[in-house]
Amino acid sequence: MDDPLVARMREFGTTIFAEMTALALRTGAVNLGQGFPDTDGPPAMLERAVEAVRGGLNQYPPGPGVPELRQAVSAHRAARYGLDYDPDGEVLVTVGATEAIAASILALCEPGDEVIVFEPYYDSYAASVALAGAVLRPVTLRPAEGRFTFDPAELAAAAGPRTRAILVNSPHNPTGTVFTREELELIAGLCAEHGLIAITDEVYEHLTFDGVPHIPLATLPGMRERTVVISSAGKTFSVTGWKTGWVCAPEPLVRAVQTVKQFLTFTASAPWQVAAAHALRHELGWVAELRAGLQAKRDRLTAGLTAAGFDVYRPAGTYFVQADIRPLGFTDGLVLARELPSLAGVVAVPTQVFYARPDRGRHFLRFAFCKRDEVIDEAVSRLKRLA
């Protein structure tokens, strides 16, 4: 039988995360590939989920999300960023941020519309754009002064008459960049000039380091009314398997996204929603400790990668470190990622798979540091074989 998959999705096979995790299991390698923590979130939040299950909260919750979580999300955005969203119409609960991104693009982009995306990008972005029949317009983030950033001229050139939206991820996976106010002002100016909708993936909003602030694009003048803000409980509270996210936006945009979302999953799991609501209201002190711990883990891994011979870019946020493989004599990250378990007993992810133009990221590997210290130390010890 010929390939039954629709043509626009044929380039999207098994994700790199599935491939690398399977490789780690098969070889016994230390898995610094997929970005999930190996410890649980705050105990009181976990207990709240158990109570919800045992208390009978096991049927369909309201389509927009349980009121408790929508109210907690609204209060959190107001308290932290001064952004007011009505929990009854401007907040929508989704099955993780990945569904929120897909539903937003499907709801807001017609076939042939263009979506600007910064590359490298989380792999679901390109797939969601393809599902909508839209066209990806990548703008490359390149290293400059120890961090990844974009060329303002390239950003300006990416917008045209068919451009509908720009997808902005900050703190940025996989580079670890946290966009500055100046960078966000350039993005906001582009949106205003071309009438673009901004879709912002802010799942790492609480996980920034060295005092670097996360600035939501929606806080800039004129941007709240044109921005779909997306975040989730997964990264903030170390429960990536709960798949509980949310959208905040003006009511017409939320209504559009919910129109699509209701035919994807209809609603999200109720027990995780009430537990996430508890966490947003009561566990941000735990998150502050998580952030400090992750900063120390980042430093632990970057020091180890540097000692192993990599050229390392110190991230300002997220779970991830970018390492240039060329000082070790390698030139192709995908080849090295597949050989690294046998060479050093470690799994990483080749960054080139996150580019529309893979050659621009061929010499990078992404390592995750959201792991226990002993796991990082074991990986660093093994990577010394490369040097």
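The structure under discussion appears in the preceding block.
Please read these numbers as outputs of a predicted model, since none were measured by experiment. (Residues numbered from 1 in each chain as written. Predicted model: local features only at pLDDT ≥ 70, side-chain atom pairs only at ≥ 80, totals over all residues. Heavy atoms only, no water.)

**Q** How should I be thinking about the pairing of strand β4 (residues 135-140) in this particular structure?
**A** In the sheet, strand β3 (residues 114-119) pairs with β4 via six bridges, with the strands oriented parallel. Within the sheet, the bridge partner assigned to E114 lies in β4 and is V135. Handedness of the crossover joining β3 and β4 through helix α5 (residues 124-131) is recorded here as right-handed. (Pairing = 2+ DSSP bridges. Helix = DSSP H or I, 4+ residues; strand = E, 2+ residues; numbered from the N terminus. Right-handed = clockwise from strand over helix to strand, strands pointing away.)

**Q** Is there a simple way to think about the sheet that holds strand β12 (residues 320-324) in this case?
**A** Sheet strands pair by backbone hydrogen bonding; their relative direction is either parallel or antiparallel. The strand order across the open sheet built from four strands is β11-β12-β15-β14, with neighbouring strands paired in antiparallel fashion. The outermost strands of the open sheet, each flanked by one partner alone, are β11 (311-313) and β14 (349-350). Sheet topology places β14 next to strand β15 (residues 364-368); two bridges connect them, and they run antiparallel. Residue pairing across strands places P350 opposite L365, the latter belonging to β15.

**Q** How do you make sense of helix α1 (residues 16-27) when you look at a structure like this?
**A** Residues spaced three or four apart along an α-helix point in a common direction, a consequence of the helix completing one turn every 3.6 residues. In this model, α1 (12 residues) spans 16 Å end to end at C-alpha, consistent with the 16 Å of a helix rising 1.5 Å per residue. Listing the buried residues of α1 in full gives I16, F17, M20, T21, L23 and A24. Taken down its axis, α1 places every buried residue within 155 degrees of arc, on the same side. For α1, the exposed residues set more than 90 degrees away from the buried face come down to L25 and R26. Tucked inside the fold, the buried residues of α1 contact β1 (30-31), α11 (333-344), β13 (346-347), β14 and β15. Just beyond α1, the residue with positive phi is G28, at close to 75 degrees. (Expected span 1.5 Å × (residues − 1). Buried < 20%, exposed > 50% of the residue type's maximum accessible area, 1.4 Å probe, protein only. Arc of directions from axis to C-beta. Contact = heavy atoms within 4.5 Å.)

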